[in-house]
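Take a look at the letters that make up each chain.
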Amino acid sequence: MKQRLLIAEDDRLLAEAAGDYFTGKGWDVHTAENGDRALELLVQNRYHLILLDVMMPGCDGFTLCRQIRRDSSVPIIFITARVLEEDQLHGYSLGADDYVTKPFSLPVLYAKAMALTGRVLGTTPLMKAGALTVDVNRRQVFSHGALLPLPPKEYELLLFLLEHPGRTFSRSQLLIRFWGYDFDGNERVVDNHIKKLRKALGSCGCTIHTVPKAGYRLEMDTVL
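Since the structure is predicted, the reported quantities are computational estimates derived from the model, not experimental observations.

Digging into the overall build of the protein
Move 1: A count of helical and extended segments in the protein gives eight helices and 12 strands.
Move 2: Referenced to the eigenvectors of the C-alpha coordinate spread, the extents of the protein come out at roughly 50 × 40 × 30 Å.
Move 3: Out of the 224 residues belonging to the protein, those deemed buried represent 47%.
Move 4: Within the protein, contacts between residues at least 6 apart in sequence are counted, and of these 56% link residues at least 24 apart.
Move 5: Approximately 11300 Å² of the protein is accessible, and the part contributed by carbon and sulfur atoms is 52%.

With respect to the environment of Tyr47
Move 1: The topology assignment puts Tyr47 in the loop between α2 (35-44) and β3 (49-53).
Move 2: Judged by relative accessible area, Tyr47 falls into the buried class, the value being 6%.
Move 3: Linking Tyr47 and Ile176, residues 129 residues apart in sequence, is a C-alpha distance of 25 Å.
Move 4: Filtering out sequence-adjacent residues up to four positions away, Tyr47 remains in contact with Arg4, Leu5, Leu6, His30, Leu41, Leu42 and Val74.
Move 5: Looking at Tyr47, its side chain comes within polar contact range of the side chain of His30, at 2.7 Å.
Move 6: A polar atom in the side chain of Tyr47 sits 3.3 Å from the side chain of Asn45.

Observations concerning unusual backbone geometry
Move 1: Positive phi outside glycine occurs at His144, with the angle close to 55 degrees.
Move 2: Note on placement: His144 falls in the loop between β8 (140-143) and β9 (146-147).
Move 3: The residue Lys213 is not glycine, and still its phi comes out positive at about 60 degrees.
Move 4: Along the polypeptide, Lys213 turns up in the loop between β11 (206-211) and β12 (215-220).

As for the nonpolar core
Move 1: Ranked by size, the top nonpolar core spans 55 residues in total, and within it Leu52, Leu132, Leu158 and Leu162 carry the most contacts.
Move 2: With seven residues, the top contributor of residues to this core is helix α6 (residues 152-163).
Move 3: Sequence-distant contacts of Leu52, defined by excluding residues within four places in its chain, comprise Ala8, Gly61, Leu64, Cys65, Ile76, Ile77, Phe78 and Ile79.
Move 4: Counting 16 residues, the second largest nonpolar core, distinct from the first, contains Leu5, Val100, Leu109 and Leu116.

Notes on the pattern of salt bridges
Move 1: Tallying each qualifying case throughout the model produces 11 salt bridges.
Move 2: The partner of Glu16 in a salt bridge is Arg12, and the shortest N-O contact between them spans 3.1 Å. You can see Glu16 and its partner Arg12 sitting in helix α1 (residues 12-24), four residues apart, about one turn around the helix.
Move 3: Relative accessible area serves as the criterion here: at 40%, Glu16 is assigned to the partly exposed category.
Move 4: One network of salt bridges, with partners in common, ties together Glu9, Asp53 and Lys102.

Brief notes about the side chain of His193
Move 1: Topologically, His193 is positioned in helix α8 (residues 188-201).
Move 2: Leave out the neighbours within four places in its chain, and His193 touches Lys153, Glu154, Leu157 and Trp179.

With respect to α1
Move 1: If you check α1, its first and last C-alpha atoms are 18 Å apart, about what 13 residues at 1.5 Å a residue would give, namely 18 Å.
Move 2: The opening residue of α1, the one whose side-chain oxygen lies 3.2 Å from the backbone nitrogen of Leu13, is Asp11.
Move 3: Within two residues after α1, Gly26 carries a phi angle of roughly 95 degrees, on the positive side.

Reading the values: the criteria
- Position labels on residues start from 1 in each chain and follow its written sequence.
- With pLDDT at 70 or above as the cut-off, local features in this predicted model cover only qualifying residues; side-chain atom pairs require 80 or more to be listed or tallied, and sums for whole chains, interfaces and linings still use all residues.
- Processing note: side-chain calculations cover all non-hydrogen atoms of the structure and skip hydrogens and water entirely.
- Runs of H or I in DSSP of at least four residues are treated as helices and runs of E of at least two as strands, each being numbered from the N terminus.
- Exposure categories follow from relative accessible area, calculated using a 1.4 Å probe and restricted to protein chains: below 20% of the type maximum is buried, above 50% is exposed, and the middle band is partly exposed.
- When checking whether two residues touch, look at their non-hydrogen atoms; a contact exists if any pair is within 4.5 Å.
- Surface exposure here means Shrake-Rupley accessible area, sampled with a 1.4 Å probe, where a residue is shielded only by the protein chains that are shown.
- We define a polar contact as two N or O atoms separated by no more than 3.5 Å, with the added condition that, inside protein, one atom must be a possible hydrogen donor and the other a possible acceptor, whereas residues neighbouring each other in sequence contribute only through side-chain atom pairs.
- Note on terminology: a nonpolar core comprises buried Ala, Val, Leu, Ile, Met, Phe, Trp, Tyr and Cys residues joined through side-chain atoms within 4.5 Å.
- The working definition used for a salt bridge is a side-chain nitrogen of Lys or Arg within 4 Å of a carboxyl oxygen of Asp or Glu.
- Here the expected span of a helix is defined as 1.5 Å times the quantity of residues minus one.

So yeah, pure geometry; function would need other evidence.
Take a look at the structure:
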């Protein structure tokens, strides 16, 4: 069965370009020029991925994301020209899985889509970085071929960083994503878990760097 994609985007040319790219990869693509039309399509169809513009006529992307998350865990990637951190934090708090900023690379967008839908469908291949191997289906991590036991939070942090190599995430972004918008603690909880994750990884060919006044970034040799 083909994977089905909904693109909710009022920029017709962008929606067509993304739709043609995914169609060429074998996807069944539906498009909506505004949030209200997207809601109609969501009632009529089941989707494996939603690309969602933040600023749309009628029901905007944030409102639509909130409504989708009431009864669905379908992966959602926001497409936006807005790059303010508070917007990204708000989107993550509503349940978005990722962001891409206009203009963006279609191959990069497709790679993000495959990573998200593959995890949901249980078809994600092994992820490799240096001497590190992650079996996503079994939630197991191996370093130099030996099983590396990780607590759930460190595992989720590692998987997220592996899916976004070279990208810097602030403590606030990580806090919202993994502890929730209403978490009562402070950002130091992120530092503590990153410290534990670094210690567990040791010398495996990938490193979590601290970016002064910005957050954390994972750099690695390769991801297959």
